[in-house]
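In case you want the letters, here they are:
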Amino acid sequence: MASLAAAEPPGPRAAVPLPGLGPSRSGGERRSNAADAAQDTQSRSVDLDHLIALLGDSGSKDLEKEQLKTLKKVVKHFENGFPLKDVAQITEILILCAEKMHEQEAFTEPLCELIKLFGLPFLKRKSSDEANYSVEVSQSITQLGYLMSVQSSQVRIQICKSVVNFFNMELPGKLLSGYQPTSPNYKIRMAETGGLAEILVLSLTLVENQLTEKLWVLKALQHLSTSGESCEQMVKVQAARRLCLCLNGADPSGQLLFRSSDILWNLLEKASKEAAVNQLRSLECVHALKEAFVELACGFRHCDHQLRNDLLVIATLLSESSAVPMIESGFAKILIVLATCTEVKLPNPLVKGFKLTYSYEDFEMKKLLFNIIGILSKDPSAAQLLSENHVIPALLYYVKQNQRSGFPDWSAAQYEELQLHALAVLASVAPMLVDKYLSCQANTLLLMFLEWCIGQDPFFGRGNSFHGTGGRGTKLAQMRYSLRALRSVVALYDDVVSKNLCDQGAISQLLGILKYAADISKEKESIALLEIQADVFFILSVLCEDDNDKKELFSCEGIGILISYFKMDPTRLCSGIGHNCLLLSALDCLWSCVIGCCIAEESFIEKQGVFLLLDLLAVKDNNLSNIILGVLVEFSDNPKTVLHMSIWRGKRDQTAANVLVQLWRQEEMDLGVKRDQYGKIVDTKRPVITSFQKQQKVIPVPACCPSFSIMEISESTRAKIYSLFCKLGFENLPGLSAKDVVTLAIIQHYIDFKVGEVWSEISAEIKEEFRPVTSDERALKLILEVTENTGRRVLGLQTEALGRQHDQEMKEEKQFYKEIQASQIQREMINKSWENFLARTSNYEALKKAKMRQKTLIEASRSKAKLHNGPEHSTDIPKLHTTVAPGRCVTLEGQLANTDHARRKSSVCRAFRNNQKR
């Protein structure tokens, strides 16, 4: 405060003439400065510097009157707001007036009037003034907060009123000539920069015993807490703790509790939640919050109910932290009792005087209480408290069908929302209180409720709440949360729970639900439906695991349903609404409910299940490939599975062996295994080692602990692919290219290479600890050489396979070239024949030459032996006037000359055609 008072305000920027400048420039500057000076003279009729000097003097009463008179004149002049350039001088005047107040109370009124003007918008001449004067303005607002130390209730209240006016700014009716008000949020930004919120929190100590002043400070803080930056500043000075401890202060108006709780909520929401909770984690703060809540819970006014719910929100935020002593303070017990008192009608002194009015505020309170129970269920120390206060029976109260359009207490929409919320909380609480869950026959109630969900009874779900999303007009939301509750209990893998469900026919009922949901999905899919189906698959997996009798029961209807899911269009896996998760759940169900039971396996294979699994494997989805390969490995013990894998054909006639080889290559690429551009081995000593294994240092481990090489087998898919090839065989596999054969050579010796890796690790561990004896060293060296020789042999096989491919490609290339050459020769002959034809039709001499050549060829083709008494036929056609080669025309002479011409022509033509065919 003293430092700011001693600081000099920035003076006016005078124009300093510089040497070397021409008269035109200096003359322009003089004219500009003269215009500004004239405007300043017109806009201010008071001299602030004179007033500062005047207030700095002390003396007679006449001087005091002069000071007060000048102050009133300043207040009158700036009644419409302070210009930004004068804010620093006004602040200095405020500080001087505050010092004068200690001697003369007469300065209180002008000081309050000046502070009041801070509530008006500041005035700017240029748009850049806001940035240019930001430092002076933020310091002035900071000094305004420091004036809270003045021992005057009037001044303190006026400061708070001005701060409140920062957020409720009204433009004055008249502005100074040439000025405009600053932007609406300018003062708020400057208050954040100056740390005003932090100063006001610290001033709460000064007004601890003055209720009116305290309420005004809280009102100002309430407005400031709408800013995240101000909330951070308040948390730094322990604002959350200070406000919580004053919740129960004496205040007939109730504003103290209202404003404090509102600020607390803002601090938890907008500032660092962890820092605010740390300030409220003390037992003293939780007790204060509990007392305030209990008092409001028994209130009857509407504002009491609203404020009660606000405190519940704060309690909810605190309950999320295990460090807050909600249970130790007894606050958690009160909240649990209030949440269950209407469903479990047992007398409890903790809720004496509490009456539920079923208003909207009470409805909101009920949801908040359910939410707190769900949060407390994550804390194991709350188990006894939840059990003693009958939380499970209270939640099961809502596990019943909605029989009427409205209930005596809640409307139909409200009841449905509470019902869904109770089911959601039950899913969190039930695993913690399994014994209580079973004693209340919860499985029976949930199965009966699920039966109603798939029934034909008319019901129109409102779907208004968060939990009702996707269930409007249907019972899907109820089914979704009921199955979620069952899943949470079944996930404990408790034999008692599983037996209880199976004894009540849960497997058949769940299959019915699955079929019901699948039928609805054909019309319209949704996230809720996909989640319902995935949960049913999970529950069935747990119930049928390691029990062949249950697997046989499942196979009666379940195999056909499972098959339909494996026919899913692969493009849906990327839809983003849960098809991928659903398919994984179906595969998990296949593994748990089918594998291991001969009847179920035979049924699945006969219904072409292996073909469908291979279709999914061909999609090459990384999330699915590993589990599908695991399922196929389990099925491969059945000879029919190997037969189906051998005859399966995918797109483009793809075979199972080809798919497995491609998956192997992809897996090696992901693992960083080194291969050359043709897929051949690069490192013959460790051919299948991954990049992760190369980075690992030699760490000696006990014999009972698996090494990195062994762990890699269990985590990657290569071991599964190798196992499948061991069933399919490595010879005479159809559909493999030369590149596939190269990869197959590595797969065939995978186990040999892994054995070599293990021995390499053993050798490194031994040498890390001590030096082996000569015989052991020789044995280790021999073993490692065997692995390296195996790698070289495989590399030779790969090179040979690539050589055969190259020879085949060269042979095919030569054959293809011959075909191209023959085609080119034929094309040239056709072109030459066409050119000859054109020459004969356009050049008579060429035609004559062709005719002579034709005659020569005809004579040459005739037999040299003369036929006795045989007719001689001329090759010329008489009266022919064309210049092209004639068509086929034969003239017969002799015994056939007297026959009918038409029959003769037909017979000759038929004979000619037969001759052509032969």
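Counting of residues starts from 1 at the beginning of each chain's written sequence and follows it residue by residue. Local features in this predicted model are restricted to residues of pLDDT 70 or higher, and side-chain atom pairs are both shown and tallied only at a pLDDT of 80 or more, whereas totals for entire chains, interfaces and linings draw on every residue. Hydrogens and waters are ignored; side-chain quantities use all the structure's heavy atoms.

Attention now moves to the overall build of the protein. Under the DSSP-based scheme used, a helix requires at least four consecutive residues in state H or I and a strand at least two consecutive residues in state E, with every element numbered from the N terminus. Helices and strands together make up the secondary structure of the protein, namely 44 helices and two strands. Looking at the protein residue by residue over its 918 residues, the buried ones come to 45%. Contacts spanning at least 24 positions in sequence make up 76% of the contacts within the protein whose residues lie at least 6 apart. Areas reported here follow the Shrake-Rupley algorithm with a probe of radius 1.4 Å; residue values treat only the protein chains shown as occluding. For the protein, the accessible area works out to roughly 49200 Å², and carbon and sulfur atoms hold 53% of it. For every residue, the accessible area obtained with a 1.4 Å probe (protein chains only) is divided by the maximum for its type, and the residue is called buried under 20%, exposed over 50%, and partly exposed between those limits. Here, two residues are considered to be in contact whenever any of their heavy atoms come within 4.5 Å of each other.

Our next topic: the nonpolar core. By size, the foremost hydrophobic cluster in this structure holds 241 residues, and its most contacted members are I93, F566 and F725. It is helix α29 (residues 527-544) that contributes the most residues to this core, twelve residues altogether. Contact partners of F566, with chain neighbours within four places excluded, come to L583, A586, L587, L590, F604, L612 and L616. Nine residue types can take part in a nonpolar core, namely buried Ala, Val, Leu, Ile, Met, Phe, Trp, Tyr and Cys, and a core is a set of them joined through side-chain atoms within 4.5 Å.

Any two of the Phe, Tyr and Trp rings considered here, Trp counted by its six-membered ring, make a pair once their centres fall within 6.5 Å; the pair's planes then place it as stacked at under 30 degrees, edge-to-face at over 60, or tilted in between. Under the criterion given, the structure shown has 18 aromatic pairs. Residues F604 and F635 carry aromatic rings whose centres are separated by 5.2 Å and whose planes lie at 15 degrees to one another, so their mutual orientation is stacked. One end of the pair, F604, is in helix α32 (residues 598-606); the other, F635, is in helix α34 (residues 622-635), and 31 residues separate them in sequence. Residue F604 is classed as buried on the basis of its relative accessible area, which comes to 0%. Members of the aromatic cluster, joined through ring pairs, are W664, Y722, F725, F730 and Y750. The criterion is that NZ of a Lys, or CZ of an Arg, lies within 6 Å of the ring centre and within 35 degrees of the ring normal, and then a charge sits over that ring. A cation over an aromatic ring shows up here: K187 above the ring of F122, its NZ or CZ 4.4 Å from the ring centre. Positioned above the aromatic ring of W664 is the side chain of R718, whose terminal nitrogen or guanidinium carbon lies 5.8 Å from the ring centre.

With that out of the way, let us pick up unusual backbone geometry. The residue Q238 is not glycine, and still its phi comes out positive at about 65 degrees. Examined against the element boundaries, Q238 turns out to sit in the loop between α13 (228-236) and α14 (239-245). Among the residues examined, Q238 registers a relative accessible area of 37% and is labelled partly exposed. A positive phi angle is found at Y358, which is not glycine, with a value near 60 degrees. Here Y358 lies in the loop between α19 (331-340) and α20 (360-376). The partly exposed category is assigned to Y358, whose relative accessible area is 27%.

Lines fitted to the C-alpha atoms define the axes, with helices restricted to the stretch that makes contact. Angles between their N-to-C directions range from 0 to 180 degrees. In contact at an axis separation of 9 Å, helix α5 (residues 87-101) and helix α8 (residues 134-146) are set at 20 degrees when each is read in the N-to-C sense. As summarised for this structure, α5 and α8 are arranged roughly parallel, according to the angle between their axes. The two elements α5 and α8 cross, and the hand of that crossing is left-handed. Residues V87, A88, T91, L94 and I95 of α5 lie in contact with α8, whose contacting residues are E136, V137, S140, Q143 and L144. In these notes the angle categories are as follows: under 35 degrees is roughly parallel, over 145 is roughly antiparallel, 65 to 115 is roughly perpendicular, and the rest is oblique. If you view the pair so one helix is near and one far, a crossing is left-handed when the near helix is turned anticlockwise from the far one by less than a right angle, and right-handed when it is turned clockwise.

Glancing now at α20. Each helix should span, by expectation, one fewer than its residue count multiplied by 1.5 Å. With 17 residues, α20 ought to run about 24 Å at 1.5 Å a step, and its terminal C-alpha atoms sit 25 Å apart, in line with that. By the criterion of burial, α20 is predominantly enclosed, with 14 of the 17 residues buried.

A large share of helix α39 (residues 718-728) lies buried, amounting to eight of its eleven residues. Buried within α39 are the following residues: R718, A719, K720, I721, Y722, L724, F725 and L728. Summarising the contacts, the buried residues of α39 are in contact with α34, α35 (639-647), α36 (656-671), α38 (708-715), α40 (738-748) and α41 (750-769). Trailing α39 by a residue or two, G729 shows a phi angle of about 95 degrees, which is positive.

Here the focus is the pattern of salt bridges. One side-chain nitrogen of Lys or Arg within 4 Å of one carboxyl oxygen of Asp or Glu is enough to make a salt bridge. Scanning the model with the defined rule gives 31 salt bridges in all. Here D535 and R487 are joined by a salt bridge, their closest N and O atoms 2.8 Å apart. Here D535, found in helix α29, pairs with R487, found in helix α26 (residues 476-490); they are 48 residues apart in sequence, far enough to count as distant. Residue D503 is joined to K499 by a salt bridge in which the shortest nitrogen-to-oxygen separation is 3.0 Å. Taken together, the positions of D503 and K499, both in helix α27 (residues 495-503) and four residues apart, correspond to about one turn of that helix. For the pair D503 and K499, a shared accessibility class is recorded, and that class is exposed. Each of E668, R675, E712, R718, K754 and E757 takes part in salt bridges that share partners, so that together they form one network.

Next up on the list: the environment of C231. On the secondary structure map, C231 appears in helix α13. Residues C231 and N266 lie 35 residues apart in sequence; the distance between their C-alpha atoms is 7.4 Å.

On to the confidence of the model for the protein, then. Values of pLDDT, the confidence the predictor places in each residue, fall between 0 and 100. Residues with a pLDDT of 70 or more make up 88% of the protein, whose mean pLDDT is 84. Confidence drops under pLDDT 50 across residues 1-44; counting only partners more than four residues distant or on other chains, this segment forms 30 contacts. The low-confidence segment residues 895-909 (pLDDT under 50) makes six contacts with residues lying over four places distant or belonging to another chain.

The next thing to look at is a nonpolar patch on the surface. Residues I751, V755, W759, I762 and L784 make up a contiguous nonpolar surface patch of roughly 360 Å² in combined accessible area. With four residues, α41 is the largest single contributor of residues to the nonpolar patch. Relative to the assigned elements, V755 resides in helix α41. We classify V755 as partly exposed; its relative accessible area is 41%. What goes into a patch is any residue over 30% in relative accessible area without a salt bridge, connected to like charges within 9 Å or, for nonpolar side chains (Val, Leu, Ile, Met, Phe, Trp, Tyr), within 5 Å.

Structurally, S225 is set in the loop between α12 (211-224) and α13. Residues within four places of S225 in sequence aside, it is in contact with C231, M234, I263, N266 and K270.

Attention now moves to the environment of P772. Here P772 is to be found in the loop between α41 and α42 (774-842). With near-sequence residues (within four places) excluded, P772 lies in contact with I766, K767 and E777.

Looking now at the packing of helix α17 (residues 283-297) against α19. Taken N-terminus to C-terminus, the directions of α17 and α19 make an angle of 30 degrees; their axes are 10 Å apart at the nearest point. Comparing their axes, α19 and α17 come out roughly parallel. The element α17 and its partner α19 pack so that their crossing is left-handed. From α17, V286, L289, K290, F293 and V294 reach across to α19, where they touch F331, I334, L335 and L338. Across the contact of α17 with α19, the residue classes tally to eight nonpolar, no polar and one charged. For this classification, the nonpolar set comprises Ala, Val, Leu, Ile, Met, Phe, Trp, Tyr, Cys and Pro, the charged set comprises Asp, Glu, Lys and Arg, and every other residue, Gly included, is treated as polar.

Structurally, S482 can be placed in helix α26. For S482, a relative accessible area of 0% corresponds to the buried category. Residues in contact with S482, not counting those within four places in the same chain, are L423, L446, F449 and L450.

This brings us to the environment of I577. Structurally, I577 is set in the loop between α30 (548-566) and α31 (579-593). With a relative accessible area of 31%, I577 lands in the partly exposed category. C-alpha separation for the pair I577 and I527, spaced 50 residues apart in sequence, amounts to 5.8 Å. Setting aside residues no more than four positions away along its own chain, I577 makes contact with E525, I527 and L530.

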